[in-house]
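Chain residues, written in single-letter form:
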Amino acid sequence: MTMHAIHDLLLSARERRPDGTALRDDEGSWTYRELTAHSHGFGAWLRHRGMGPGDRVLIRAAGNRNTLAALYGCSLVGATAIPLSPTATRRELEHVVRDATPSLTLQDIPSVPAGEPSSADLDALSDPTARAAHPALLIYTSGSTAAPKAVVCRAEQILFAVTAIAERLRYAPDDVIYCRLPLSFDYGLYQTFLAAHATAELVVAPGGVDGRILTRIRELGATVVPLVPGLATILLRLARGRPVESSVRLFTNTGEALPAETIRELRTCFPRAGIQLMYGTTECKRISVAEVDGDLARPGSTGLPLTGTRVAILGADDREVETGEVGEVVVSGPHVMDGYWNAPEITAQVFRRPADGSSGETVLHTGDYGYLDTDGHVYVVGRRDSVFKRLGVRTSTAEIEAAARAVPGVTEAAVLPPLDGRDAALFVVASVPETEVLRQLRTLLDAQKVPGVCRTVAELPRQSNGKLDRVALRSLLTEVSP
């Protein structure tokens, strides 16, 4: 079937595999027939409350089946869904409400009667023409300093990204995808769409079950596990450095790169599982996807750009640099989103339109630094603000963090670049003194790259999506500074 909206992924899956398990949470499971029925019921519930194209619905996106029914229900009526983390603070919630002005806010998603939709029922929920004129999703992303801003995502951009990513990941109908990532995080949310594209089973997990991740993966027969570094660290801690019997065939990673040593440990503990590294940003969803275990042949690579997209590396003069030279990663293609909600100035800086006002492709300036090899594979060095000079020598947070993790006794590391006269600061989870960490770092790095400050913490602060929270790190530094 031709797809024009997010819910078309679900309807297509229902046609192909109606009685296959679509979705499972801690309370039970739904087949694709049942998920469609519950989504239709939610769409009717929204329509009864006057929701339609142009309306925005804020959804506290807990890890359960009702959240997915609500998201698909929004698509059915043409409303714009705004998934928000269930752990969002009151301040964060208030910011999103002020910024997005939702017509409806669902703090708790109600259970609504399911309905078996007919074609006429589906057509009656929304005018397709009106629906296409409005975004399908507003996905809020957290910056390192500024308030979260929403990426405006239209259905056609989402569907292109899903199809292009699916081409590389090759999820299959018999896969069980264990998603411990928040559904407010695009990496987690797109597991829903990718599962439907493949008619696979998606398991969504609520918060607070970290200690049972390995047990649940084994109990459920999970075959695919999307990872960010924080989640991988928990999984490896539970595996205790020994090979684990499981059905996992594939770990995927994007959002925040897995350290090389974490990848090595995953291969030790899950010897039957492949690892597929990816690089993406909410502003275009995904940029490149490597082959399974492609990092073994090309260490540090995140693979080739998605089919139908183009990646270029620009220097300071906005001209393309030579192969292998580091510069800003810029992207063009059908998956580049429309910009940021209510933020025209930032949108103009990041989403560069043709200067002559023509309808040429928008070029996304990611703010990430990286390079391409001779075959076009993408390598990411870090964010613009993660590459810096210390005492005249260029380095990056990634380089220092990798060296720190190589120090015996250090299990995790994070670096804050120099700022406002403050030296670079290293935070470690370690069983050795801070002075010893710095001493050993000087044997692994040029002395001018070694941060002037080292602090030991019990654990690194992380956002709800598992990414490192560098804003919280700065607060810790302030707390311990004299």
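Further up the page is the structure itself.
Being a predicted model, the structure only gives us computed values, none of them experimental.

Visitor: Teacher, can you tell me more about the side chain of Thr-281 here?
Guide: Secondary-structure assignment places Thr-281 in the loop between strand 12 (274-279) and strand 13 (288-289). Beyond its immediate stretch of four places on either side in the chain, Thr-281 contacts Asp-186, Arg-286, Ile-287 and Leu-364.

Visitor: Honestly, the side chain of Thr-366 in this entry has me stumped. Any pointers?
Guide: Among the structural elements, Thr-366 can be located in strand 19 (residues 363-372). On the accessibility criterion, Thr-366 (9% relative accessible area) is buried. A distance of 2.7 Å separates a polar atom in the side chain of Thr-366 from the backbone oxygen of Val-329. Here the side chain of Thr-366 touches Asp-368 through a polar contact of 3.0 Å, landing on its backbone nitrogen. For Thr-366, the contacting residues outside a window of four places in its chain are Tyr-279, Ile-287, Glu-328, Val-329, Val-331 and Arg-383.

Visitor: Is there a simple way to think about the nonpolar core in this case?
Guide: Nonpolar side chains in soluble globular proteins generally cluster together in the buried interior. Of all hydrophobic cores here, the largest spans 113 residues; its most connected members are Ile-59, Leu-137, Ile-158, Tyr-178, Phe-193, Phe-251 and Phe-270. Looking at this core, the element that brings in the most residues is helix 7 (residues 155-169), giving 9 residues. Sequence-distant contacts of Phe-270, that is, excluding residues within four places in its chain, are made with Leu-214, Leu-235, Val-244, Ser-246 and Phe-251. Grouped together as the second largest cluster of nonpolar side chains are 17 residues, Val-407, Val-415, Leu-438 and Val-450 included.

Visitor: Mind showing me how you'd approach the packing of helix 7 against helix 8 (residues 186-198) here?
Guide: When two helices pack together, their arrangement is captured by the angle between the axes and the distance separating the axes. Contact geometry of helix 7 with helix 8 gives a least axis separation of 10 Å together with a crossing angle of 65°. Taken together, helix 7 and helix 8 sit at an angle that is classed as roughly perpendicular. Pair helix 7 / helix 8 crosses with right-handed handedness. In this structure, helix 7 uses Ile-158, Ala-161, Val-162, Thr-163, Ile-165, Ala-166 and Leu-169 to contact helix 8, whose residues at the interface are Tyr-190, Phe-193, Leu-194 and His-197. Residue composition of the contact of helix 7 with helix 8, grouped by class: 9 nonpolar, 2 polar and no charged.

Visitor: Explanation requested: the sheet that holds strand 25 (residues 453-456) in the structure shown.
Guide: Strand pairing in a sheet relies on backbone hydrogen bonds, with the paired strands running either antiparallel or parallel. Sheet architecture is open: 3 strands sit in the order 23-24-25, paired in mixed fashion. Each of the sheet's edge strands pairs with one partner strand only, and the pair in question is strand 23 (410-416) and strand 25. Sheet twist, expressed as the mean angle between neighbouring strand axes with direction ignored, is 25°. Looking at chain direction, strand 23 and strand 24 (residues 425-430) are connected through 6 bridges and run antiparallel. Each bridged residue has a counterpart across the sheet, and for Val-415 the counterpart in strand 24 is Leu-426. Here helix 13 (residues 397-405) sits on the sheet in contact with strand 23 and strand 24, set at roughly 155° to strand 23.

Visitor: In this structure, what is going on with the environment of Thr-307? I would like to understand it.
Guide: Tracing the backbone through its elements, the reader meets Thr-307 in the loop between strand 14 (304-305) and strand 15 (310-314). Owing to a relative accessible area of 43%, Thr-307 belongs among the partly exposed residues under this scheme. Taking the C-alpha atoms as reference points, Thr-307 and Glu-322, 15 residues apart in sequence, are found 22 Å from one another. Other than its neighbours up to four places away in sequence, Thr-307 contacts Phe-160, Ala-164, Glu-167 and Arg-168. Here the side chain of Thr-307 touches Glu-167 through a polar contact of 2.7 Å, side chain to side chain.

Visitor: Even after reading the chapter, I still don't get the packing of aromatic side chains, so can you show me in this structure?
Guide: Any pair of aromatic rings gets described here by the distance separating the centres and the angle formed by the planes. Counted under the stated rule, the structure contains 7 aromatic pairs. Here the aromatic rings of Phe-42 and Trp-45 are separated by 5.2 Å at their centres, their planes lie at 45°, and the arrangement is tilted. Here Phe-42 pairs with Trp-45, and both are found in helix 2 (residues 32-48), just 3 residues apart, close to one helical turn. Aromatic side chains Tyr-340 and Phe-351 sit 5.4 Å apart centroid to centroid with 75° between the ring planes, which places their arrangement in the edge-to-face category. Here the residue Tyr-340 occupies a position in strand 17 (residues 339-340), and Phe-351 occupies one in strand 18 (residues 351-352), the gap between them amounting to 11 residues. Taking the relative accessible area as the measure of exposure, Tyr-340 reaches 7% and is therefore buried. Ring pairs connect the aromatic residues Tyr-72, Tyr-190 and Phe-193, which therefore count as one cluster. Directly above the ring of Tyr-340 sits Lys-149, whose terminal nitrogen or CZ lies 5.2 Å from the centroid. Looking at Lys-285, its charged tip hangs above the ring of Tyr-190, at a distance of 4.5 Å from the centre.

Visitor: Would you take a moment to explain unusual backbone geometry for this structure?
Guide: Outside of glycine, negative phi angles account for most residues, and trans bonds account for most peptide bonds. Notably, Arg-170 is not glycine yet its phi reads approximately 60°, a positive angle. Mapped onto the elements of the fold, Arg-170 is located in the loop between helix 7 and strand 8 (176-179). Non-glycine residue Asp-293 carries a positive phi angle of around 60°. Note that Asp-293 resides in the loop between strand 13 and strand 14. Using a relative accessible area of 25% as the deciding quantity, one classes Asp-293 as partly exposed.

What counts and what doesn't
- For every chain, the first residue of its written sequence is number 1, and the numbers climb from 1 along that sequence.
- A pLDDT threshold of at least 70 governs which residues receive local features in this predicted model, and a stricter bar of 80 or more applies before side-chain atom pairs are shown or counted, although totals over entire chains, interfaces and linings include all residues.
- Side-chain measures here rest on the full set of heavy atoms in the structure, leaving out hydrogens and waters.
- By definition, any uninterrupted DSSP run of H or I lasting at least four residues is a helix, any uninterrupted run of E lasting at least two residues is a strand, and each is numbered from the N terminus.
- Pairs of residues are marked as contacts when any of their non-hydrogen atoms sit within 4.5 Å.
- Each residue gets one of three labels from its accessible area relative to the maximum for its type: buried under 20%, exposed over 50%, partly exposed in between, using a 1.4 Å probe on protein chains only.
- Under the rule applied, a polar contact is a pair of N or O atoms within 3.5 Å (in protein, one hydrogen donor and one hydrogen acceptor; residues adjacent in sequence only if both atoms are side-chain atoms).
- Buried residues of nine kinds, namely Ala, Val, Leu, Ile, Met, Phe, Trp, Tyr and Cys, make up a nonpolar core once their side-chain atoms join them within 4.5 Å.
- Comment: axis = line fitted to C-alpha atoms, over the contacting stretch for helices; angle = value between 0 and 180 degrees taken between N-to-C directions.
- Here the angle decides the label: under 35 degrees means roughly parallel, over 145 means roughly antiparallel, 65 to 115 means roughly perpendicular, and every other value means oblique.
- Crossing handedness is defined as follows: a turn of the near helix away from the far one that is anticlockwise and smaller than a right angle gives a left-handed crossing, while the clockwise case is right-handed.
- We call Asp, Glu, Lys and Arg charged. Ala, Val, Leu, Ile, Met, Phe, Trp, Tyr, Cys and Pro are nonpolar, and the rest, Gly among them, are polar.
- Two strands qualify as a pair provided DSSP detects at least 2 bridges between them.
- Pairing of aromatic rings covers Phe, Tyr and Trp, the last counted by its six-membered ring, and requires centre-to-centre distances within 6.5 Å; plane angles under 30 degrees mean stacked, over 60 mean edge-to-face, and any other angle means tilted.
- Only Lys NZ and Arg CZ are tested; either one counts as a charge over a ring when it is within 6 Å of the ring centre and within 35 degrees of the ring normal.

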